[in-house]
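# Structural description and commentary
If you want the building blocks of each chain, they are given just below.
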Amino acid sequence: MNAKNKKMNSLIAILLLLTTYSSCDKDQNVGINSKTQEKKVVIIGAGVSGLAAAKHLKKKGIDVLVLEAQDKTGGRLKTDRSLGVAFDEGASWIHGPEGNPITSLASSAGAETFLTDDFNVKVYDQNGSEYSSKILSTAENQYNRKIFRINGAEDQSFGNAFYSKYPQYQNDRLWTYMLSAYLEFDTGGDLFKLSSTYFYDDEEFDGDDVIITNGFDKITNYLAQDIDIRLNNKVHSIDYSNEKTIITTNKGEYEADYVLVTVPLGVLKKNIITFIPSLPEETQNTIDNLDMGSVNKFLFTWDAPFWDNDLQYIGYTPEQRGKFNLFMNVGKFTSANALITFAFGDYSKETEQMSDAQITEEVMVHLKAIYGNDIPNPTNMLRTKWNTNEYTFGSYSFATNGTTGESFEVFEEPINDKIFFAGEHTIVDYRGTVHGAYLSGVREAKNIIKLLK
Ligand SMILES: Cc1cc2nc3c(=O)[nH]c(=O)nc-3n(C[C@H](O)[C@H](O)[C@H](O)COP(=O)(O)OP(=O)(O)OC[C@H]3O[C@@H](n4cnc5c(N)ncnc54)[C@H](O)[C@@H]3O)c2cc1C
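Here the structure is a predicted model, which means the values were calculated and not measured.

## Observations regarding the overall build of the protein chain
Across its full length, the protein chain holds 13 helices and 22 strands. Relative to the globule expectation of 22 Å for 453 residues, the C-alpha radius of gyration of the protein chain, 23 Å, shows essentially globular dimensions. In terms of its C-alpha atoms, the protein chain occupies a principal-axis envelope of roughly 70 × 50 × 50 Å. For the protein chain, buried positions account for 57% of its 453 residues. Long-range pairs, those at least 24 residues apart, make up 73% of the contacts in the protein chain with a sequence separation of at least 6. When the accessible surface of the protein chain is split by element, carbon and sulfur atoms take 46% of a total near 19,500 Å². Side chains of the protein chain give 44 positive and 61 negative charges; the mean places of these two sets differ by 5 Å.

Structural data, given as structure tokens:
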């Protein structure tokens, strides 16, 4: 095909896209005023935030289209069932289920839940001896007090501030375990990148966490019903310099009055989407300064359990922070003989360069220290690589040293009343969570609706 023909063909493709989009969505508008009917909203990203916004807008009769880069919806709600058990690569728990919007959504979507008991845990030292429940509960009580007493400076990392105040814990493996399996897991951030001042300034819903046992993707599949979603459309640029905003993807161009950008902070940080004109300085600085955490998950299966199948969690205290220090017994809530372990912080990034065999070997060193050298190798494994995943570049956002909790609020301001942001990184109170992402989507849908009144 010659160059001229190629250009002509892509022009036709663009026209077709624009026409198909206008005609198919207009049919779905019912009982709305003409101003609403004329306006088009394009949402970038079909994760929980984008789908929540789309659902809300569609309910109000607004013409909405979702562009998604991947061949699936759900974003970080991603379930792999290839080993016969629902392995959630991203979110697993509804944190604080009471009053949490995800609780009722889960029930409508047919997602089943199980209350994971955080106190049903045994923690082991490197020689395989178990920390007594007295030692563990005393250490946890101290941990819960001391992490809030470090009085770090705004530009100081948590790790730096904590170990300056409590140097005695620098080489204490039980403390290393708690600071990693609890704090790095919760916040997503490596201890030495996490803000010492704003590490826990967000809010929580009440109630003990429940895990979804048959796959978190049930929720996004449910939200995606009846929404016009164009998969395999990776957005490259958003030109909002004229009255109508033009969004360019690998498949062509789309036109919108309002654009809701829900791609993860990691994608914004890599400048994968070019904004024309550039984003305001404050927004760009916030994107540069906040960070994406790194949490990876590893599922291992066996023919039969060699661990106490009544236990919910098994803790281990290696010298290296973030290294396979927590195991969740999947057999506690399914019929699978499986454990899920995790890597946190900088070590989590390292795992992405390791082969499956290397990972298995390292994990088995920890399990053998606890259960003896005779335990069998796993039959299968699944793993994640969130840090190098081109659709996220990280697991979830966190406040780095030098940023504040309020930094996240910059995303609540629309740009020229045309560009809006939603996603877990845009909601200071519930950042890094599914419910935060969901609530941010509803918030921005309402903000767009306000402009239509
Ligand atoms: C390992 C891990 C464990 C977690 N555990 C929990 C948990 O237990 N409980 C909890 O509440 N939260 C948890 N979270 C966080 C939770 O998963 C996220 O906060 C939430 O799913 C984010 O939703 P979102 O809509 O903001 O982003 P996403 O789900 O990431 O959606 C963004 C979408 O944008 C798309 N996209 C990216 N680039 C482009 C582009 N250029 N063009 C078009 N589309 C694009 C992506 O493909 C994606 O579908 C966890 C996350 C991870 C990674």
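## Observations regarding the packing of helix H6 (residues 158-165) against helix H7 (residues 173-187)
Interhelical geometry of H6 versus H7 gives an angle of 150° and a closest axis separation of 13 Å. By the angle between their axes, H6 is roughly antiparallel relative to H7. Seen from above, H6 lies across H7 with right-handed handedness. Mapping the contact onto sequence places Phe158, Phe162 and Tyr163 in H6 and Trp175, Leu179 and Leu183 in H7. In terms of residue class, the contact of H6 with H7 is built from six nonpolar, no polar and no charged.

## Topic: the domain arrangement of the protein chain
By convention, interface size is frequently given as the accessible area that disappears when the constituent parts associate. Parsing the protein chain into structural domains produces domain 1 (21-78 + 214-291 + 397-451) and domain 2 (115-211 + 292-383). Placing a centre on the C-alpha atoms of domain 1 and another on those of domain 2 gives a separation of 33 Å. Listed per partner, the contact involves 21 residues of domain 1 and 20 residues of domain 2. For the pairing of domain 1 and domain 2, the buried interface totals around 1,500 Å² over both sides, and the portion due to carbon and sulfur atoms is 55%. For the pair domain 1 and domain 2, the interface holds one salt bridge. Across the domain 1-domain 2 interface, the total number found is seven residue pairs in polar contact (both at pLDDT 80 or more). For the side of domain 1 that touches domain 2, the elements supplying multiple residues, two or more each, are helix H9 (265-269), strand E21 (397-398) and helix H13 (434-452). Broken down by class, the residue content of the side of domain 1 that touches domain 2 amounts to seven nonpolar, nine polar and five charged.

## A word on the sheet that holds strand E13 (residues 258-261)
Spatially, five strands are ordered E9-E2-E1-E13-E22 in an open sheet, and the strand pairing comes out parallel. Single-partner strands in this sheet number two, and they are strand E9 (229-230) and strand E22 (419-421). Bridge count between E13 and E22: three bridges; the pairing is parallel. Bridge pairing in E22 places valine 261 opposite phenylalanine 421. The strands touched by helix H3 (residues 48-59) within the sheet are strand E1 (40-44), strand E2 (63-67), E9 and E13, with E1 carrying the most contacts at an inclination of about 165°.

Conventions used here
- Residues numbered from 1 in each chain as written.
- Predicted model: local features only at pLDDT ≥ 70, side-chain atom pairs only at ≥ 80, totals over all residues.
- Heavy atoms only, no water.
- Helix = DSSP H or I, 4+ residues; strand = E, 2+ residues; numbered from the N terminus.
- Rg over C-alpha atoms; globule rule 2.2 N^0.38 Å.
- Buried < 20%, exposed > 50% of the residue type's maximum accessible area, 1.4 Å probe, protein only.
- Contact = heavy atoms within 4.5 Å.
- Areas by Shrake-Rupley, 256 points an atom, 1.4 Å probe, with all protein chains shown as cover.
- Lys, Arg positive; Asp, Glu negative; His and termini not counted.
- Charge placed at Lys NZ, Arg CZ, Asp CG, Glu CD.
- Axes fitted to C-alpha atoms, helices over the stretch in contact; angles between N-to-C directions.
- Parallel < 35°, antiparallel > 145°, perpendicular 65-115°, else oblique.
- Left-handed = near helix turned anticlockwise from the far one by under 90°.
- Nonpolar A, V, L, I, M, F, W, Y, C, P; charged D, E, K, R; others polar.
- Domains from an automatic or database assignment.
- Buried area = accessible area lost by both parts, 1.4 Å probe.
- Salt bridge = Lys/Arg side-chain N within 4 Å of Asp/Glu carboxyl O.
- Polar contact = N/O pair within 3.5 Å; in protein donor to acceptor, adjacent residues only side chain to side chain.
- Pairing = 2+ DSSP bridges.

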